[in-house]
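Geometric and topological summary
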Amino acid sequence: MSPSDPDAPDDAPDDAPDDGPEDGPRGGRSIVFDEVSVVYPNGTRGLDQVSLNIPAGEFVVVVGLSGAGKSTLIRTINGLVPVSAGKLSVGEADVTSARGRRLRRLRAEIGMIFQGFNLVTRRSVMGNVLTGRLHAQSVWRSAFGVHTKADKEIAFEALERVGIVEKAWVRAAELSGGQQQRVAIARALAQQPSVVLADEPVASLDPPTANLVMRDLQRINRDLGITTVVNLHFLDLARRYADRIIGMRAGQVVFDGTAAEADDAVFERIYGRSLTAEDVSDDARVSVTRAAAGESADESAGETPAEEAASE
């Protein structure tokens, strides 16, 4: 069995790269769930016979209440949560059976963006972004932080795509929350992934910054063709940026359609209750609050922004 065989055991030489994918743009990969279920050790069912086909290059937003299964759904795609039953594939790779080097190779193709940024705050922005290149480096380069010129160019390009290349040598701790999340996006881009997963990436950000981050993700999806799956709680952002919305409830898909099809009645069915102001970002809460109170647009037409803010 050759060392480059993806089924080979984990006995590669210490100075060999981790058998990651070839460098360079590759476009997106399709994601297929076939009757996928996840049961946690305590008996909780995270996913219940989920079947989905996400074409390569699509921008998908997954919505649902806490505990609905949306984080489980995303984390099965890169193997962070193992599948209990069914089959899950990313492109030609079978995630369900991937172990060891095969799983690491798959994860190298999948960028992950977390709500909490997961940056090393004492390191520079560039140092954090370059961790996205570890899969393509030998062990000694990774251990001593020796990066190739090509890797540095990839990292700079990733920072340019999210508009913070001027912060390259600033410590991550000195950045705002929005800037830190954009560094996290750049780190994922430095992997040169075919899939990007984002688990509640704007939950801790203010509305203007949340929109900036979502626009970055949407633009990257459009420009590079990377398949993008984002978990969101805010319904207005889901409608604004998604090509397709998947609604989760109790581990099952209860809605799968376009953003145009996802009206308030659909979201109420997904959530199993009436919508509240907490279900949208701050810049959309005024209209939701008025709708809940039965106030018409004509009644509020004369209010100034200051009056609107005061009425919240």
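The preceding data block contains the structure.
Basis of the calculations
- Residues numbered from 1 in each chain as written.
- Predicted model: local features only at pLDDT ≥ 70, side-chain atom pairs only at ≥ 80, totals over all residues.
- Heavy atoms only, no water.
- Axes fitted to C-alpha atoms, helices over the stretch in contact; angles between N-to-C directions.
- Helix = DSSP H or I, 4+ residues; strand = E, 2+ residues; numbered from the N terminus.
- Parallel < 35°, antiparallel > 145°, perpendicular 65-115°, else oblique.
- Left-handed = near helix turned anticlockwise from the far one by under 90°.
- Contact = heavy atoms within 4.5 Å.
- Nonpolar A, V, L, I, M, F, W, Y, C, P; charged D, E, K, R; others polar.
- Expected span 1.5 Å × (residues − 1).
- Buried < 20%, exposed > 50% of the residue type's maximum accessible area, 1.4 Å probe, protein only.
- Arc of directions from axis to C-beta.
- Core = buried A, V, L, I, M, F, W, Y, C linked by side-chain atoms within 4.5 Å.
- Pairing = 2+ DSSP bridges.

1. Thoughts on the packing of helix H6 (residues 177-190) against helix H7 (residues 207-224)
Taken N-terminus to C-terminus, the directions of H6 and H7 make an angle of 15°; their axes are 9 Å apart at the nearest point. With respect to H7, the axis of H6 lies roughly parallel. As for how H6 packs across H7, the hand of that crossing is right-handed. Taken together, the residues of H7 that come into contact with H6 (itself represented by Gly178, Gln181, Arg182, Ile185 and Leu189) are Thr209, Leu212, Val213, Asp216, Leu217, Ile220 and Leu224. Grouping the constituent residues of the contact of H6 with H7 by class yields seven nonpolar, three polar and two charged.

2. Digging into helix H5 (residues 149-161)
Taking 1.5 Å per residue, 13 residues should reach 18 Å; H5 reaches 19 Å between its end C-alpha atoms and fits that length. For H5, the full list of buried residues reads Asp151, Ile154, Ala155, Ala158 and Leu159. Taken down its axis, H5 places every buried residue within 135° of arc, on the same side. Turned more than 90 degrees off the buried face of H5, the exposed positions are Lys149 and Glu160. Where H5 is buried, its residues meet helix H3 (125-130) and H6. Once H5 finishes, Gly163 follows within two positions and takes phi at roughly 75°, a positive value.

3. Section: unusual backbone geometry
The backbone of Glu200 shows a phi angle near 50°, a positive value even though the residue is not glycine. Relative to the assigned elements, Glu200 resides in the loop between strand E7 (195-199) and H7. Judged by relative accessible area, which is 14%, Glu200 ranks as buried. Phi at Ala250 takes a positive value of approximately 55°, unusual for a residue other than glycine. Among the secondary structure elements, Ala250 is positioned in the loop between strand E9 (244-249) and strand E10 (252-258). Ala250 gets classed as exposed once you look at its relative accessible area, which sits at 58%.

4. Things to note about the environment of Gly67
Inspection of the secondary structure assignment puts Gly67 in the loop between strand E3 (59-63) and helix H1 (70-77). Judged by its relative accessible area of 76%, Gly67 falls in the exposed class. For the pair formed by Gly67 and Arg249, sequence separation is 182 residues and the distance between their alpha carbons is 8.1 Å.

5. Here's the deal with the nonpolar core
Membership of the largest hydrophobic core comes to 54 residues, with the highest contact counts inside it found for Val129, Leu217 and Ile245. Looking at this core element by element, the count peaks at seven residues for H6. Setting aside residues no more than four positions away along its own chain, Val129 makes contact with Ala155, Ala158, Leu159, Val183, Ala186, Arg187 and Ala190. By size, the runner-up hydrophobic cluster in this structure holds 30 residues, among which are Ala68, Val83, Leu106 and Leu197.

6. Focus: the sheet that holds strand E8 (residues 227-232)
The sheet built from six strands is open, its strands ordered E6-E7-E8-E3-E9-E10 with mixed pairing. Two strands in the sheet have a free side with no partner beyond their single neighbour: strand E6 (110-114) and E10. Taking each pair of neighbouring strands and ignoring which way they run, the sheet shows an average axis angle of 15°. Of the pairings in the sheet, the one linking E7 to E8 comprises five bridges and is parallel in character. For Asp199, the partnering residue across the bridge sits in E8 and is Asn231.

That's the geometry; what it means functionally is another story.
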